[in-house]
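These are the residues of each chain, in order.
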Amino acid sequence: PPMAKKIMAYCLQRHAETADQRLQFILDGIRRISYDPVVLNQDGWTTKKSESAQGALGGAFLIGRRIIWQRYEALVIAFVRDEEFGCLWKAVWVEDLDTFDLEADELKDAMKKWDNKQAKLKRNQGSRSSGSSGSTRTFNKLFSVDGIENGIILAAPSNKASRGVMWPARVRHVVETSMTAAGTVRRNASKNLIQVVFLAPFWNGEVSSASKVAEVKDQYSLGPLFELDRIDATASNIQKYPFDSLSIEQLQSSFRFLGLPKAVFPRYLDSHRLAVALKSYAKTHIPKVYSHDDENASASASLTESHILSVKAPIYPQVVLNLPYDFILNKLPHPSEHATAASLSDGNSICEATINIDYIVRAMSPPECFGKSKHVDPVVSTALDTNTAILSPTREAKLSSETIDGLVNPNEEDTTWALGSFASNFLLDLFESNSNNNDLSSDGFAHIGQLILSLIAKLKQIASESDDGTKKRHSKTFLLQCIRVKGHGEETIGLCRAPIGIQKKTIVIEWRKTCERVYKRAIYVLSHKTVGNGITAVVTDSRCHGHVTANGAFERPVRIPAAIQGARLAGAGLKPNMLLITKVEDSYMSLAEDDIIPKAHK
């Protein structure tokens, strides 16, 4: 399939330092081809679940079905009718993402094993609730999971809106769980239940009003950042937390198999940001009392009438639990910005630096809280090395009308032409901090600030001309100048010394965004009626379905009324230079179908 060739070409062209790393890239590419939905579709497989059973065997209706094959849990991901073998289903093991094919009788046997396992679990839960033998309770009471000494696990919420997915959670210590609001110890609580705090859950984002939805970026982030829950301590409800650092590629790969809407991924990323940060803090700053001593932990659990997981969990300081995590997460980059960073990562996996909770806590203590000492933590400097892609410190590029000394006229009333309308606060602070700097290795940032400011002033002068002929005469020259300034700025950034804690990749990304805003403003301002034929046409294509865009999203077909409405929102039919027509000649349709659309889908 064409997509398989692209994946292998990408793996072969990635920079590898050793032969083993090159081999690993090739093996990763082969594994990706085995379950990639685009490759499967091009190879004739069906990856979309049907609304009803197809025939006696079920067909594509069984996609998404959980099974057990060779004693391990797996998931059906595709279906195909083969002329030689008949109906085939492709499944993937959940643990290592290896794929395999099943025939009808094999799939039936695998589904039966899964159903038997679920029925057995239900019987065990029913026997515990109705007062089963003491041996069953002892077995569940001694259940543990690797990494519990760090306090972070994957747990299944009891909320039905969570769709039963395993979500990052923090296990509360028995000291936290045993005290009620009145300060008394609870002795009547179930010994098989533990209290967990789910991190950044998506299922609690209930929509209260339409106005509230308009103020946030996605509706799944409306709910509280933490949710307390009580779950049964069993292997089906609790798993080991697998991540020690944030790899965007691994998170995206694991998210695809959860069956959740794509809009949930920002919340999913925030939950793992908190989980990795809390796990890292517990690993390095909280002493382990019962990390490998199950006998003493069991004795403590019996004395406190709690589960062994609640005893092994770490006790986080209150200052750590009360940090403004909402504010911190809002300052981190949105997942959509990682696609931009991928083009600068030279094929390396895009990672984020872990939130250093200890550094934040010490920054709130003297003398750092007085601003008299700027402490640079060695852990932070290690996390900010060249192998870690740190994006813009703001989740969105916010436009600012603030002025910078020496760069913007403070008395300027037209904020649409201010530097803050094109550059983000991140670049504005960088220009300001270096405008009066005498260090030759860093004053280049002030230089590119002057360049972009002069470019904006030139565009404003051209825009003030009322003659279309003058605009047409300056349009090509100015657009070429934008490209030259953009390239010169990138070279200047490469020669400058970046401030401590900021990567040059971050500055380059923001600089490119700024130049692109100036370029787009120039296209809008310098457009006139003599350019083009003044016609805007909306052409739909059935082949748009299923393609992957540059941002990792899948295209989908759009109805004609929706496409026309989108064109009108972009200005078609409302601006004199963008006319909207309802029909086109056959020659235009032939041009679009034979030349334009095939080029867009190569």
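Within every chain, residues take consecutive numbers counted from 1 along the sequence as written. At least 70 in pLDDT is required for a residue's local features to be given in this predicted model, at least 80 for side-chain atom pairs to be given and counted, and no such filter applies to totals for whole chains, interfaces and linings, which use all residues. The basis for every side-chain value is the complete set of non-hydrogen atoms in the structure, without hydrogens or water.

Some points on the overall build of the protein
Only DSSP runs of H or I with at least four residues qualify as helices, and only runs of E with at least two residues qualify as strands; both kinds are numbered from the N terminus onward. Scanning the protein from N- to C-terminus turns up 22 helices and 13 strands. In this scheme, a residue with accessible area under 20% of its type's maximum is buried, one over 50% is exposed, and one in between is partly exposed, where area comes from a 1.4 Å probe on protein chains only. Sorting the 602 residues of the protein into buried and exposed places 39% on the buried side. Two residues form a contact once any of their heavy atoms are found within 4.5 Å. Of the contacts made within the protein by residues no fewer than 6 positions apart, 67% connect residues no fewer than 24 positions apart. Split by element, the accessible area of the protein, about 34,100 Å² in all, is 54% carbon and sulfur. To measure how exposed things are, a 1.4 Å probe is used in the Shrake-Rupley method; for residues, cover is taken only from the protein chains shown.

Focus: the pattern of salt bridges
As a working rule, side chains carrying opposite charge can pair if their charged atoms are close by. A side-chain nitrogen of Lys or Arg and a carboxyl oxygen of Asp or Glu constitute a salt bridge if their distance falls within 4 Å. Tallied over the full model, the rule gives 15 salt bridges. Across the pair D358 and R362 runs a salt bridge whose closest N-O atoms are separated by 2.9 Å. With D358 and R362 both in helix α15 (residues 357-363), this residue pair falls four residues apart, about one helical turn. Salt-bridge contacts for E490 lead to R512; the nearest nitrogen and oxygen are separated by 2.9 Å. With a gap of 22 residues between them, E490 in helix α19 (residues 468-495) and R512 in helix α20 (residues 504-526) connect regions that are remote in the sequence.

Details of α19
A helix is expected to span 1.5 Å for every residue after the first. Across its 28 residues, α19 extends 40 Å between first and last C-alpha, which sits within 8% of the 40 Å expected from 1.5 Å per residue. The sharpest bend along α19 comes to roughly 35°, located at S475. For α19, every residue scored as buried is listed here: T470, K471, S475, F478, L479, C482, V485, G489, T492 and I493. Buried residues in α19 make contact with α18 (444-463) and α20. Each residue is assigned a bend, namely the angle between axes fitted to the seven residues that terminate at it and the seven residues that start at it.

Considerations on a nonpolar patch on the surface
A cluster of nonpolar residues, L23, L27 and I30, forms a patch on the protein surface that exposes about 270 Å² of accessible area. On the secondary structure map, L27 appears in helix α2 (residues 19-35). Patch rule: a residue counts if its relative accessible area is over 30% and it has no salt bridge; like charges are joined within 9 Å, and nonpolar side chains (Val, Leu, Ile, Met, Phe, Trp, Tyr) within 5 Å.

So, the sheet that holds strand β1 (residues 66-69)
By the convention used here, strands pair only if DSSP detects at least 2 bridges between them. Sheet architecture is open: four strands sit in the order β1-β2-β3-β4, paired in antiparallel fashion. Looking along the sheet, the strands with just one partner apiece sit at the ends: β1 and β4 (99-102). Neighbour-to-neighbour, the strand axes of this sheet turn through a mean angle of 45°, independent of strand direction. Relative to strand β2 (residues 72-82), β1 runs antiparallel, the two sharing four bridges. Residue pairing for β2: I67 is matched across the bridge by A74. Simply put, an axis is a line fit to the C-alpha atoms, just over the touching stretch for a helix, and the angle between two N-to-C directions goes from 0 to 180 degrees.

Side note on the nonpolar core
I153, W167, I238 and I357 are the most contacted members of the largest nonpolar core, which has 55 residues in total. At the level of elements, β5 (152-155), β6 (167-171), β7 (193-199), α8 (248-255), α9 (265-285), α13 (325-331) and α15 are the ones that each hand at least two residues to this core. Counting residues per element, this core draws most heavily on α9, which supplies ten residues. Those residues in contact with I238 that sit more than four places away from it in its chain are F143, V145, I153, L154, M166, I194, I231, D232, A233 and L309. Residue types Ala, Val, Leu, Ile, Met, Phe, Trp, Tyr and Cys, when buried and joined through side-chain atoms within 4.5 Å, form a set referred to as a nonpolar core. Ranked by size, the runner-up nonpolar core spans 31 residues in total, among them L428, I448, V518 and V525.

Here's the deal with the sheet that holds β7
Ordered by their spatial adjacency, five strands build an open sheet running β8-β7-β6-β5-β9, and the pairing between neighbours is antiparallel. Where the open sheet ends on each side, the last strands, each with one partner, are β8 (226-232) and β9 (238-240). Geometrically, the sheet is characterised by an average inter-axis angle of 45° between neighbouring strands, direction not taken into account. Taken together, the three bridges between β5 and β9 define a ladder with antiparallel strand orientation. Within β9, the position partnered with L154 by the bridge is Q239. Strands β5, β6, β7 and β8 of the sheet are contacted by α9, whose axis makes an angle of about 35° with β6.

Observations regarding the packing of aromatic side chains
Aromatic rings from Phe, Tyr and Trp, with only the six-membered ring used for Trp, were paired whenever their centres fell within 6.5 Å, and each pair was classed as stacked if the ring planes differed by under 30 degrees, edge-to-face if by over 60, and tilted otherwise. Per the counting criterion, the structure on display carries 15 aromatic pairs. Arranged with centres 5.9 Å apart and planes meeting at 75°, the rings of W167 and W203 form a pair that is edge-to-face. Pair noted here: W167 is in strand β6 and W203 is in the loop between β7 and α7 (210-215), with a separation of 36 residues, a long-range link. The buried category is assigned to W203, whose relative accessible area is 6%. Measuring from ring centre to ring centre gives 5.4 Å for F202 and W203, while their planes differ by 80°; the resulting arrangement is edge-to-face. Of the aromatic side chains, those joined through ring pairs into one cluster are W167, F198, F202, W203, Y220, F255, F265 and Y268. Counted as over-ring charges are cases with an Arg CZ or a Lys NZ within 6 Å of the ring centre that also lie within 35 degrees of the ring normal. Above the plane of the ring of W417 lies R521, whose end atom (NZ or CZ) is 5.1 Å from the centre.

A short note on unusual backbone geometry
One non-glycine residue, Q70, lies in the positive phi region at around 55°. Notably, R163 is not glycine yet its phi reads approximately 65°, a positive angle. When you line up the elements, R163 lands in the loop between β5 and β6. A relative accessible area of 52% places R163 in the exposed class.

Thoughts on the environment of I315
By the element assignment, I315 lies in the loop between α11 (308-312) and α12 (318-321). Beyond its immediate stretch of four places on either side in the chain, I315 contacts H173, V175 and I286.

A look at the packing of α18 against α20
How two helices sit against one another is set out by the angle between their axes and by the gap between those axes. Following both chains from N to C, one finds α18 and α20 inclined at 10°, their axes separated by 10 Å at the closest point. With respect to each other, α18 and α20 are oriented roughly parallel. Between α18, through F445, I448, I452, L455, I456, L459, I462 and A463, and α20, the contact on the second element is made entirely by I507, W511, T514, C515, V518, R521, A522, V525 and L526. Amino acids outside the nonpolar list (Ala, Val, Leu, Ile, Met, Phe, Trp, Tyr, Cys, Pro) and the charged list (Asp, Glu, Lys, Arg) are all regarded as polar, and Gly is one of them. Partitioned by chemical class, the residues of the contact of α18 with α20 number 15 nonpolar, one polar and one charged. These descriptions rest on fixed angle ranges, namely under 35 degrees for roughly parallel, over 145 for roughly antiparallel, 65 to 115 for roughly perpendicular, and the rest for oblique.

Points about the confidence of the model for the protein
Note that predicted coordinates carrying low pLDDT should not be read in detail. For every residue, the predictor states its confidence as a pLDDT score lying anywhere from 0 to 100. Confidence in the prediction for the protein averages 75 pLDDT; 73% of positions are at 70 or higher. Low pLDDT, under 50, characterises residues 132-139; the predicted model gives this stretch six contacts beyond four residues in sequence or across chains. Of the regions scoring below 50 in pLDDT, residues 375-413 engages in 90 contacts with residues more than four places distant in sequence or in other chains.

A look at the packing of α19 against α20
α20 packs onto α19 with a crossing angle of 175° between their chain directions and a minimal axis gap of 10 Å. One way to sum up the angle between α19 and α20 is to call them roughly antiparallel. Among the residues forming the contact of α19 with α20, the class breakdown is 17 nonpolar, three polar and five charged.

A look at helix α1 (residues 2-13)
Helical geometry: 3.6 residues make up each α-helical turn, so side chains three or four residues apart lie on a common side. Over its twelve residues, α1 extends 17 Å from the first C-alpha to the last, a length consistent with the 16 Å expected when each residue adds 1.5 Å. Of all the residues in α1, the buried ones are M3, A4, I7, M8 and C11. Viewed along the axis of α1, the buried residues span an arc of 135°, placing them on a single side of the element. Turned more than 90 degrees off the buried face of α1, the exposed positions are P2, K5 and Q13. Our arc is simply the arc of the directions from the helix axis toward the C-beta atoms.

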